[in-house]
Amino acid sequence: MEPIPQVEERVRLTSSASGAGQFIRSLTAIIWKDMAAELRSRELLSAMLVFALLVILIFNFALELDAQARATVTAGVLWVTFAFAGTLGLNRSMAMEKDRGCLDGLLLAPVDRSAIYFGKAIGNLIFMLIVEAIVLPVYSVLYSVNLFEPGLLLVIFLGSIGYVAVGTLLSSMAVQTRTRDVLLPILLFPLVIPVLIAAVKGSTGFLQGADVVDIRPWINLLLVYDVIFIAVAFMVFDYIVEE
Amino acid sequence: MEPKPRLLAILDIVTLLLFLTAVAMVFFYAPLEAVMGQVQRVFYFHVANAWVGMLGFMVAAIAGVAFLRKGDRKWDIVGLAAVEISFVFFFIAIVSGSVWARGSWGTWWTWDPRLTTAAIVELVYAAYFMLRQGIEDPDRRARFGAVYAILSFLSVPLTFISIRIFRTIHPVIIGSGAAGAEGSFEMTPKMLQVFMFSLLTFSFIFADLLWHRIRLGKLAEVTENLRLKTLQ
């Protein structure tokens, strides 16, 4: 009869903990759940990665990426790749929740709904960053361009945040419709155009060694977009998962 | 279904009269623009159409917020009505702008900030309809529509700003124009009168159509409920 009081003790401690502690605990639990599922199946990351490399390969033939073209289109190629691979990941990550009623289970759990949104979004962000962390060196080697500039990495990080913030919200909408995966890019791309433009322009600026003064507007735009859309997604997520 | 309200009937007639007057004013009252000639007359309705397009976009976003807060289905009907009307008007704005561009820039289309933003707005509207079409449950359809209307209303200005950081050739008739703008002109007082009158007229057209569309939306809801009752 020893362990039972201990368990009860822990439960009481959890419930009396402050709201923020509770929030962070449920957040990490959701992120950890996604990571563990991915570690075991390796479905999502491998699909995103292979897809991203294929897109780069296709661009290689479609655009004749010789030295001259590379200087101007590298950022564009990279961002199109990230955006396409990103939709793949977003779709899969939400479809996984919808498949066997996992989402209902998550919603039934006594946690704040926004913790579910932020958990899923951070999980998606981690996947996207991992894909980017692999694609960037591969691209560098294939085309002998040095992509490891702190400024460029900052732009990629900020751009990914904005993309994932809107993408997670819209993918949780898309999985609940009849057309499902087909719908996500149609809903997502018109809304993330500011991110894509700012990210491409900012990345090109850093790659061509432009003045920081010229690049700053793009970084500001990315920051503004990130802040606005994280805030809005936080406010409306409740209405999307409500039954 | 309640009979057609008296006020709506009056609004119909007023709108029709305003529209006919506006057409007459554009062709006979407005002076001929010196450089561009007759093609410049498209300007009055072009801007008015674009204005209605943006107005509907705003109405849809406000209706979206109202729906999410109150949960009253009538706001969903308002939002859908506004988007439907604005989709058409914005399309007319793009086509008429294209006609004007052919005359003044010598090309049907350029990737200028306003044109690009207009194209994206059309695509957002199209995505809105596709989203709604994919959902059977009316309550969920209303919620998702509201959320998407709000998101797109926030994203489109950012799109505009992001493209605006490039240089533009689109003339800015109201406010200060960019240095590289082509096809710009100074509005004479008469032109300004016609322009303002067109804006007023198209606002009336928007209000009139919106009212009709909301009535239609309510009827559609009644029929849907009747059908569900029969099926049960």
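Residues numbered from 1 in each chain as written. Chains lettered and ligands numbered in written order. Predicted model: local features only at pLDDT ≥ 70, side-chain atom pairs only at ≥ 80, totals over all residues.

### Description of the overall build of chain A
Selection criterion: A run of H or I in DSSP counts as a helix once it spans at least four residues, and a run of E counts as a strand once it spans at least two, with each numbered from the N terminus. Counting other C-beta atoms within 10 Å of each residue's C-beta, where C-beta atoms are placed from the backbone, gives the exposure class: buried for 20 or more, exposed for 12 or fewer, partly exposed between. Here, residue contact means that the backbone-derived C-beta atoms of the two residues sit within 7 Å.
A count of helical and extended segments in chain A gives nine helices and zero strands. If you list the helices and strands of chain A from N to C, you get α-α-α-α-α-α-α-α-α. Counting only C-alpha atoms and orienting by the principal axes, one finds that chain A spans roughly 75 × 35 × 35 Å. Out of the 243 residues in chain A, the part that is buried amounts to 42%. Long-range pairs, those at least 24 residues apart, make up 81% of the contacts in chain A between residues at least 6 apart in sequence.

### Let's talk about the overall build of chain B
On a plain count of helices and strands, chain B comes out with six helices and zero strands. When the helices and strands of chain B are listed from N to C terminus, the series reads α-α-α-α-α-α. Taking the principal axes of the C-alpha coordinates as reference, chain B spans close to 65 × 40 × 25 Å.

### Structural notes on the confidence of the model for chain B
Do not read the predicted coordinates in detail wherever pLDDT is low. Basically, it comes down to this: Every residue gets a pLDDT, meaning the predictor's confidence in that residue, from 0 to 100.
In the predicted model, chain B carries a mean pLDDT of 84, and 90% of its residues have values of at least 70. Complex prediction metrics read pTM 0.85 and ipTM 0.85.

### Side note on the confidence of the model for chain A
Chain-level statistics for chain A give a pLDDT mean of 86 and a share of 92% at 70 or above. Across chain A, the secondary-structure element scoring lowest on mean pLDDT is helix H1 (residues 3–16) of chain A, at 50, and the one scoring highest is helix H7 (residues 150–174) of chain A, at 93.

### Quick word on unusual backbone geometry
Residues and elements named next belong to chain A. The phi dihedral of arginine 42 falls on the positive side, at around 55°, and the residue is not glycine. If you trace the backbone, arginine 42 turns up in the loop between helix H2 (19–41) and helix H3 (43–63). Even without being glycine, serine 144 reaches a positive phi, approximately 40°. When you line up the elements, serine 144 lands in the loop between helix H6 (113–143) and H7. What makes serine 144 exposed here is the crowd of 9 C-beta atoms within 10 Å.

### A closer look at the interface of chain A and chain B
Opposite the 22 residues of chain A that make contact, chain B presents 25 residues. Residue assignment for the side of chain A that touches chain B shows that the elements contributing at least two residues are helix H8 (183–207) and helix H9 (212–241) of chain A. Ranked by the residues each element gives to the side of chain A that touches chain B, the list is headed by H8 of chain A, at nine residues.

### A word on the environment of valine 192 of chain A
Residues and elements named next belong to chain A. Structurally, valine 192 is set in helix H8. Through-space distance from the C-alpha of valine 192 to that of alanine 36 is 29 Å; in sequence the pair is 156 residues apart. Residues contacting valine 192, with those up to four places away along its chain left out, are Gly162, Tyr163 and Val166.

### So, H7 of chain A
Since there are 3.6 residues in each turn of an α-helix, residues three or four apart along the chain are aligned in direction. Stated precisely, the cut-off is as follows: Expected helix span is taken as 1.5 Å per residue step, with the number of steps being one fewer than the number of residues.
Spanning 25 residues, H7 of chain A covers 35 Å between terminal C-alpha atoms, matching the ideal 36 Å at 1.5 Å per step. Counted residue by residue, H7 of chain A has 20 buried out of 25 residues, so it is predominantly covered.

### Observations concerning the packing of helix H2 (residues 42–70) of chain B against helix H6 (residues 189–231) of chain B
Residues and elements named next belong to chain B. Put simply, the test is: Axis geometry follows a simple rule: fit a line to the C-alpha atoms, using only the stretch in contact for helices, then measure angles between N-to-C directions, giving values from 0 to 180 degrees. Oblique is the label for any angle not under 35 degrees, not over 145, and not in the 65 to 115 range, which are roughly parallel, roughly antiparallel and roughly perpendicular in turn. Should the near helix be turned anticlockwise from the far one by less than a right angle, the crossing is termed left-handed; should it be turned clockwise, right-handed. Ten residue types, Ala, Val, Leu, Ile, Met, Phe, Trp, Tyr, Cys and Pro, are classed as nonpolar, four, Asp, Glu, Lys and Arg, as charged, and the remainder, Gly among them, as polar.
The contact between H2 and H6 brings their axes to 9 Å, and the two run at 40°. Judged on the interaxial angle alone, H6 and H2 are oblique. Read as a crossing pair, H2 and H6 show a hand that is right-handed. Facing Tyr44, Phe45, Val47, Ala48, Asn49, Trp51, Val52, Leu55 and Gly56 of H2, the residues of H6 in contact are Val194, Phe195, Ser198, Leu199, Thr201, Phe202 and Phe206. A breakdown of the residues in the contact of H2 with H6 according to their chemical character gives 12 nonpolar, four polar and no charged.

### Structural notes on the packing of helix H1 (residues 6–29) of chain B against H6 of chain B
Residue and element names in this part refer to chain B. The N-to-C vectors of H1 and H6 enclose an angle of 150°; their axes lie 9 Å apart at closest approach. Taken as axis vectors, H1 and H6 run roughly antiparallel relative to one another. As H1 runs across H6, the sense of the crossing is left-handed. Taking contact as the criterion, the partners of Leu8, Leu11, Asp12, Val14, Thr15, Leu18, Phe19, Ala22, Met25, Val26 and Tyr29 in H1 are, on H6, Lys190, Val194, Phe197, Ser198, Thr201, Phe204, Ile205, Asp208 and Trp211. For the contact of H1 with H6, the class distribution of residues is 14 nonpolar, three polar and three charged.

### Overview of the nonpolar core
One broad trend across soluble globular proteins is that nonpolar side chains are buried collectively. Just so we agree on the cut-off: Joining buried Ala, Val, Leu, Ile, Met, Phe, Trp, Tyr and Cys residues through C-beta atoms within 7 Å gives a set, and that set is a nonpolar core.
Formed by 120 residues in total, the largest nonpolar core has its most connected members in Val166, Leu187, Leu196 and Leu222 of chain A together with Ala82 of chain B. If one sorts the elements of this core by residue count, H8 of chain A sits on top with 15 residues. Among residues more than four places away in sequence, those in contact with valine 166 of chain A are Leu188, Leu191, Val192 and Phe229 of chain A.

### Remarks on the environment of tryptophan 109 of chain B
All names here are of chain B. Inspection of the secondary structure puts tryptophan 109 in the loop between helix H3 (73–104) and helix H4 (113–133). Residues tryptophan 109 and arginine 143, 34 residues apart in the sequence, show an inter-C-alpha distance of 36 Å. Other than its neighbours up to four places away in sequence, tryptophan 109 contacts Ser98, Ala101 and Leu115.

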